[in-house]
Structures are given as C-alpha cells and as structure tokens.
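Here's the letter readout for the chains.
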Amino acid sequence: MIEEMAKDKAGAAERCREAYRKAQELQPKLNDVITFVDPEEQLKELPEEGLMRGVPIALKDNVNTKGILTTAGSRILSNYVPIYNAAIVDKLKAAGAVTIAKASMDELAMGGTNTTCFTGPAYNPWDQTRMTGGSSGGSAALVASGVVPMAIGSDTGDSVRKPASFCGIVGVKPTYGRISRYGIIPYASSLDHVGYFTRSIEDACVTLKVLAGRDDRDMTTSYRPVPDYSALLNSDMHGKKIAVFGNVMDSQQNQETVKIFNDLMAKLKERGAEVSVFHFDEDLMKVMLPTYYLIANCEATSNHSNLDGIRFGVREEGASMQEIMTNSRTKGFGPLIRRRFVIGSYGLFDENQERLFRKAQKVRRLIVNQLNDCLKDADCLIAPASGGIAPKLNDRSLNELSDNYLIAENHMCIGNFSGYPSMTVPMGFEDGCPIGVNLTCRAFEEETMFDFGKAIEEITGYKDLHAEVK
C-alpha cells in the first residue's frame, strides 16, 4: 500500500487531508491522538520523489517534533515544545511522509495498557470496551482503524508487539541499533527500540528501509548497510527452521489461542518449514518480568531525573526549590510512574546496586544466552504474542503474578534483553477480536523475519486487515 501511495503523486494532498479528517472523526470513539498535526504546510514541502511521498503517518508522542507539542503522555510534559526533530522525523520527511497526528501512549512509555496517558485511555478499534495494549496503543489504533498505513511506536518490553496483537496489525521491533533513537524521549536506554506498525509485511519492509541507518548522534546505531528488504522478500519456507517457545505454550490457558497457533504451525510445516520445540530454564522464565522491571525502572529513574519543574516540565509553586521539585513531580506524574520511580530509586541506592541492579543484569545475560542456544539451531523463535485477545478496560480478574501469566504475557521482553529483531503479525480471531503471533530472529536478520511474516500473512490472508469502527 505504501509503495502504491508514493507512486500516486496526484492523490497525495487529498489522501493526507482525508487521513487528518478521519483521525479527528474517530477521536471521540478511540481517543488515540494527543495532538493533531495539520498537513497543509508539509504538503507544500513534499519532495519530488520518495519511498513515502504523500503517505500520511502518525508518531508516538515521545518522538520530538520541532515546534509541535510532545508530551510523552505525561502531564509534567504537557507544556513541552521541542526545538529540534528526532532523527526519524527528518528521515520520514525526506522520504515524503506527512505526519497528521501525535499518538496517545502510556505515560513516559511505562505500561502495557495505554490507560495511563494524561488525556485518558485509548480504545481498541475492534471493540471499544477493550484496551489497545501499550505503551504504543494510540499508534496501533490509528493503523488498525485504517486512518494511516504506518505509525511510529517505541518498544522497551513489548510496547509495539503487544498492541499489534491486540489490534490485528504488524508490529516491528528491529535490531537494537538498526534505527536511531536520537530525539526519542527515553524510558530505559539499554532496552528502548524505535518500532512501528503497518498492515502488511511489504509496508513493514519499506518502512524499515526508510528508518534504518547509522546516525552519529546516537552512538548505539550500527554502521551495517541497510538492505533492500522489499526486493529480498521471499516467503518460501523450505529449509527454514522454527523453534516453538515451549514454556510459553505450556503456560497458555486459552485453548482457542492454542488451537489457532497449532493450526498455523501445521500450515507452516506444509509449506516446508521444520518445526521443533525449545524450552528455556523455567526458573529464568519466572524471573524474567522482575528482572525487566528492575533494569527498566532503574534506567528510567536516571533518565527522567531532569523532569523536575525547573529544568523541564510543568512547574508547581513552592516555598523552596526542593518544594517546587516535590510538588511538580507529585502532581506531574501519575501513580504508576511514581511507583516505578520508587522501585528504580531503591535499586540505585549504593547499598542495593550490587545486590539488585547488577544481579538483574547478570540474569539478563543468562536469559540471552538461552536465546542464543535456541537460535543456534533455529532461524526463528515463535509463540503467541498474548494468551488471548485484548482484555476489557475494566477487567480486574487477571492474576498478573501467577506463573502462567508471568510467562504467557511477558515473554516478549526477551527481544529487548537481547536486542534481536522481533515482530508480531495477526494469526487469528477470537470473539471478533484479533490475536497475533510473535517471532524473534538473530541480530540484524530482519530479512529472515520478514520472510516468516510474509509466509504467515499468505497463510492467514490477513493483509491490510483493519477494523470498521462502529
């Protein structure tokens, strides 16, 4: 779709205006936008050529946009207007993309529900009583509702790939260092990735070609050349080896999810793939989430120490500088963020760094070592992206500390621990709502990942899947 749009030069202006109009029309139903961006000035500056010329897109609201409000979903940043663009904004503009919205997100990208944004929760296009998933849920909803063919997200634990599952679209987290993070408001620097949503594998290939590449302003970016992913796309599964994530399958409680997944594996076998089962150490699986929380929240506490109402952020008055900072942070952050900062601060106390933070880093290495063992003999690790469809917004019945939930719902942070490419694509429907399958490949093997994704897309027929919002 993106390639066809880019070739249709005559339709660029009307296409972007229609996306802008549709986003505004759906806003009362989905609440997926924080700031609308009028496309008119951008349309005057369109390049003559570009892989995304005249393609309307949305940006997660932690992406810095010069002169445009960028809140990261937090009240404390509700007055922040950047003076520069993120690297990816300049890349997208050079390719001809037109931004029509800054999308809703969980506050400071911390969360998996998209219910903690200071503007209120985002609603799932397939069923507005359900969550989108987070933290990139607003971007996912804009793609899933057909407003834009691509939207930017960020992924620190599964913040692109879980919303992709809940919203029935493609969610890509490339290799750490494949896309510059310069100008992205951070969560946890060793885990953060720029990711994105599309409605087809072909569009995912085009998007990565536009976004990827070395950026000297982000020293973690790779010097590796960027392949032409579209030209290399090949859905032939003969000789491809798939490892099913055995621990995740053992933790599944929803038999409909298991059935959809097993049917997909059978069809991949029919297309020539070799399928086996790989089990991680069960103890490592159970500590995966606490390890993630400790590392992520320690890094977040450090990254956001400047949001104090003095250097950055909405200032609340006080009798002293200390009181100003206390009042600004207390009123500026939601309760979830305040709790996570308490965890992070505790882990960074001098007496706790070796006992907690360094130990978590060692556990992270053990988990990555197990993933490497798996991918020595397999091209791809695969599992359901979630134990079921998107939960209801008011569902309080989930036991999030049960062993089954800890594994079935949180395994995708392996892609962030390792930095390896990981992607979710739709695999089926339950009760009229989509559910996705997640695959993780070796570092910089996005080409292989897209090949698997294309095969799955051909099997399911879920290309350009989108919801008709009622």
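All values derive from a computational prediction rather than experimental measurement. (Residues numbered from 1 in each chain as written. Predicted model: local features only at pLDDT ≥ 70, side-chain atom pairs only at ≥ 80, totals over all residues. Heavy atoms only, no water.)

## Describing the packing of helix α7 (residues 201-211) against helix α18 (residues 446-460)
Two numbers describe how α7 lies on α18: the axes approach to 9 Å, and their chain directions differ by 160 degrees. Accordingly, the angle class assigned to the pair α7 and α18 is roughly antiparallel. Residue-level inspection shows Ile201, Glu202, Ala204, Cys205 and Leu208 of α7 in contact with α18, the latter providing Glu446, Phe450, Gly453, Lys454 and Glu457. For the contact of α7 with α18, the residue count by class is five nonpolar, one polar and four charged. (Axes fitted to C-alpha atoms, helices over the stretch in contact; angles between N-to-C directions. Helix = DSSP H or I, 4+ residues; strand = E, 2+ residues; numbered from the N terminus. Parallel < 35°, antiparallel > 145°, perpendicular 65-115°, else oblique. Contact = heavy atoms within 4.5 Å. Nonpolar A, V, L, I, M, F, W, Y, C, P; charged D, E, K, R; others polar.)

## Quick word on the pairing of strand β3 (residues 98-103)
Most of β3 sits out of view: six of its six residues are buried. One ladder, built from five bridges, connects strand β2 (residues 56-60) with β3; its direction is parallel. If you follow Ile57 over to β3, its bridge partner there is Thr99. Read as a crossover between parallel neighbours, the route from β2 over helix α4 (residues 87-94) to β3 is right-handed. (Buried < 20%, exposed > 50% of the residue type's maximum accessible area, 1.4 Å probe, protein only. Pairing = 2+ DSSP bridges. Right-handed = clockwise from strand over helix to strand, strands pointing away.)

## Observations concerning the sheet that holds strand β13 (residues 433-440)
Spatially, eleven strands are ordered β1-β3-β2-β6-β8-β7-β12-β13-β11-β9-β10 in an open sheet, and the strand pairing comes out mixed. Each edge of the open sheet carries a strand with a single partner, namely β1 (33-36) and β10 (274-278). On average, adjacent strands in this sheet sit at an angle of 30 degrees to one another, irrespective of strand direction. Here strand β7 (residues 170-173) runs beside strand β8 (residues 193-198); their pairing, made up of three bridges, is antiparallel. Across the sheet, residue Gly171 finds its bridge partner in β8, namely Phe197. Its contacts with the sheet place helix α10 (residues 255-270) against β9 (241-245), β10, β11 (380-384), β12 (422-430) and β13, and it is angled at close to 115 degrees to β12.

## Remarks on unusual backbone geometry
Cis peptide bonds are those with omega within 30 degrees of zero, and the linkage from Gly134 to Ser135 qualifies with 10 degrees. With a phi close to 55 degrees, Leu108 is a non-glycine residue in the positive phi region. Tracing the sequence through the fold places Leu108 in the loop between β3 and β4 (123-124). Despite not being glycine, Asp464 has its phi angle at roughly 60 degrees, a positive value. Positionally, Asp464 belongs in the segment after α18. On the accessibility criterion, Asp464 (31% relative accessible area) is partly exposed.

## Here we look at the environment of Asn85
Locating Asn85 in the fold gives a position in the loop between β2 and α4. Sequence separation between Asn85 and Gln252 is 167 residues; the distance between their C-alpha atoms is 42 Å. At 2.7 Å, the side chain of Asn85 forms a polar contact with the backbone nitrogen of Lys66. (Polar contact = N/O pair within 3.5 Å; in protein donor to acceptor, adjacent residues only side chain to side chain.)

## Structural notes on the pattern of salt bridges
With the rule as written, the count across this model stands at 31 salt bridges. A salt bridge links Asp127 to Lys392; its shortest N-O distance comes to 3.8 Å. Residue Asp127 is found in strand β5 (residues 127-131), and its partner Lys392 is found in the loop between β11 and α16 (403-408); the two are separated by 265 residues along the sequence. Using a relative accessible area of 32% as the deciding quantity, one classes Lys392 as partly exposed. Between Glu316 and Lys331 there is a salt bridge, with its nearest N and O atoms 3.9 Å apart. One end of the pair, Glu316, is in the loop between α12 (288-303) and α13 (321-332); the other, Lys331, is in helix α13, and 15 residues separate them in sequence. Linked through salt bridges whose partners overlap, the residues forming this network are Glu202, Lys454, Glu457 and Lys463. (Salt bridge = Lys/Arg side-chain N within 4 Å of Asp/Glu carboxyl O.)

## Topic: the packing of aromatic side chains
A complete count under the given rule lists eleven aromatic pairs for this structure. Centroid distance Tyr84 to Tyr182: 5.5 Å. Interplanar angle 50 degrees. Geometry classified as tilted. Taken together, the positions of Tyr84 in the loop between β2 and α4 and Tyr182 in the loop between β7 and β8 put the pair 98 residues apart, joining distant regions of the chain. Between Phe278 and Phe280, the aromatic rings sit 5.5 Å apart at their centres with planes inclined by 85 degrees, giving edge-to-face as the arrangement. For Phe280, a relative accessible area of 4% puts it in the buried group. Three or more aromatic residues joined by ring pairs form one cluster here, namely Trp126, Phe429 and Tyr462. Across from the ring centre of Phe452, 5.7 Å away, lies the NZ or CZ of Lys240, which sits over that ring. (Phe/Tyr/Trp six-rings, centres within 6.5 Å; stacked < 30°, edge-to-face > 60°. Lys NZ or Arg CZ within 6 Å of the ring centre and 35° of its normal.)

## Section: the side chain of Asn31
Positionally, Asn31 belongs in the loop between α2 (12-30) and β1. A residue is classified by how much of its surface remains accessible, and Asn31, at 15% relative accessible area, is buried. Polar side-chain contacts of Asn31 include one of 3.2 Å to the backbone oxygen of Thr119. A distance of 2.9 Å separates a polar side-chain atom of Asn31 from the backbone oxygen of Pro121.

## As for a negative patch on the surface
The grouping of Asp250, Asp281, Glu282 and Asp283 at the surface amounts to a negative patch. In this structure, Asp250 sits in helix α9 (residues 246-251). (Patch = residues over 30% accessible without salt bridge, like charges linked within 9 Å, V, L, I, M, F, W, Y side chains within 5 Å. Areas by Shrake-Rupley, 256 points an atom, 1.4 Å probe, with all protein chains shown as cover. Lys, Arg positive; Asp, Glu negative; His and termini not counted. Charge placed at Lys NZ, Arg CZ, Asp CG, Glu CD.)

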